[in-house]
Amino acid sequence: MPLTAGIIGLPNVGKSTLFNAITKSQVEAANYPFATINPNVKTVEVPDERVDKLSAMFKPKKTIKTTFEFTDIAGLVRGASRGEGLGNKFLGHIREVDAICHVVRCFDDNSITHVENSVDPRRDIEIVNVELALADLDTVQNRISKVERKAQTKEKDAVKEYELLKKLKKALEEGQGARSVELNDEEKAIVRSFNLLTIKPVIYIANMSETDISHPEDNAYYQEVKKIADEEGNKVIAITARMEEELSRLDEEERQLFLEDMGLTHSGLDEIIVTAYSILNLCTFFTVGTDEVRAWTFTKGMKAPDCAGVIHSDFKKGFIRAEVFSYNDIMEYGSEQALKEAGKLRVEGKEYVVQDGDIMHIRFHV
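Model, not experiment: these values are computed from the prediction. (Residues numbered from 1 in each chain as written. Predicted model: local features only at pLDDT ≥ 70, side-chain atom pairs only at ≥ 80, totals over all residues. Heavy atoms only, no water.)

Caption draft 1: Representation of the state of the cysteines. For the structure on display, the rule yields zero disulfides. Distance from the sulfur of Cys106, which forms no disulfide, to the nearest cysteine sulfur (Cys101) is 15 Å. (Disulfide = S-S within 2.5 Å.)

Caption draft 2: Region of interest: unusual backbone geometry. The backbone phi angle of Asn117 is positive, close to 70°, even though this residue is not glycine. In this structure, Asn117 sits in the loop between β5 (99–105) and α4 (121–152). Asn117 gets classed as exposed once you look at its relative accessible area, which sits at 70%. Non-glycine residue Lys154 carries a positive phi angle of around 65°. Within the element layout of this structure, Lys154 appears in the loop between α4 and α5 (156–173). Classification of Lys154 as exposed rests on a relative accessible area of 67%. (Helix = DSSP H or I, 4+ residues; strand = E, 2+ residues; numbered from the N terminus. Buried < 20%, exposed > 50% of the residue type's maximum accessible area, 1.4 Å probe, protein only.)

Caption draft 3: Summary view of the confidence of the model for the protein chain. Per-residue confidence for the protein chain gives a mean pLDDT of 87, with 91% of residues at or over 70. For residues 26–37, every residue scores under 50 in pLDDT, and the model assigns this stretch 36 contacts once sequence neighbours within four places are set aside. (pLDDT = per-residue confidence, 0-100. Contact = heavy atoms within 4.5 Å.)

Caption draft 4: View of the layout of surface pockets. Here the largest pocket defines a volume of roughly 1,500 Å³. As for the largest pocket, its lining consists of 44 residues, of which Arg179, Thr198, Ile199, Lys200 and Pro201 are closest to the centre. For the lining of the largest pocket, the secondary structure elements donating two or more residues are α4, α6 (185–192), β6 (202–207) and α7 (220–232). Per element, the largest residue contribution to the lining of the largest pocket is seven residues, and it comes from α4. By residue class, the composition of the lining of the largest pocket is 19 nonpolar, 11 polar and 14 charged. (1 Å grid on protein atoms, 1.4 Å probe; cavity = no way out; pocket = protein on both sides within 12 Å on 5 of 7 lines; lining within 4 Å. Points joined across faces, edges and corners; volume = space filled by probe spheres on them. Nonpolar A, V, L, I, M, F, W, Y, C, P; charged D, E, K, R; others polar.)

Caption draft 5: Up close: α7. The terminal C-alpha atoms of α7, which comprises 13 residues, lie 19 Å apart, in line with the 18 Å expected from a rise of 1.5 Å per residue. At its buried positions, α7 is contacted by β5, α4, β6 and β7 (235–239). Regarding α7, its N-cap is Asn219, as a side-chain oxygen of that residue lies 2.8 Å from the backbone nitrogen of Tyr221 further along. Taken from the residues just after α7, Gly233 is the one with a positive phi, measuring 75°. (Expected span 1.5 Å × (residues − 1). Polar contact = N/O pair within 3.5 Å; in protein donor to acceptor, adjacent residues only side chain to side chain.)

Structural data, given as structure tokens:
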């Protein structure tokens, strides 16, 4: 199943406009609440110049980048956890994503309605976070009522779960997300089964005007979002959703000229996609050849047989070894033959922990 980031926030903060830009698609981006009811889902390529350079070197018949899914989720409002504004349906959509991109309005524009009638990033973030926490509190309390009796009988697994649930309940009642609770590896595995909203990693996206995007630090609204992100240990990315939507319609040369005119070195969208990929602890390894150059997604810490299984289950089942070299080395030496002569091509076994940027030839037998 593809990894997914959900784009959330209050109504009319620029979520659907951002989604249009990220995916170069057209969904309704109307100036009224709940213009989006059913979530729009689109798969995007993860920008990675390493794939382009490997493709230029090996000249394959096919080049395939790794992908990531974005979901445009309708705006949340006060009371969403109690079902306000179709809240239960929207919260359900958030449960299905792996990471959250929380769009926050950081611009003034009287022609675009604000559901709270004023722009206040701290209040807007708190509204969404409180609704997510309340929904999680309901989940935790329901789970407590199911496991409490078993815990009282000293059933080992039930006692562990019950103690964990009490920690989560305390944090959520104090307005803290579940991610604020320190968990060991065993507890993390238990929490995953609860599918909590506030355990998901978050990127704050400060949507500001074109006049402010070149110097986001001068925008007081952005400063407030950054302060909150820093307090929580999350990242914030400044963008202009409308400008990014326009950029997405241009070819690469026009796009670069546009960015230069705006005094920008790169697109905010590329940063969002790469950051969404990285906050899930994801990395990339490559397979190369004249038939195909391809990027593959894996989770940091995975060993060679598991990464082989990403390509095909038979590769994991019959894994013998992996011939490995790094992207940086192939760029430096220019060919696999030169790598061999320099002793830079390694043979790794089942215990090898794959690194981001590794290029692998898998040897297997089934």
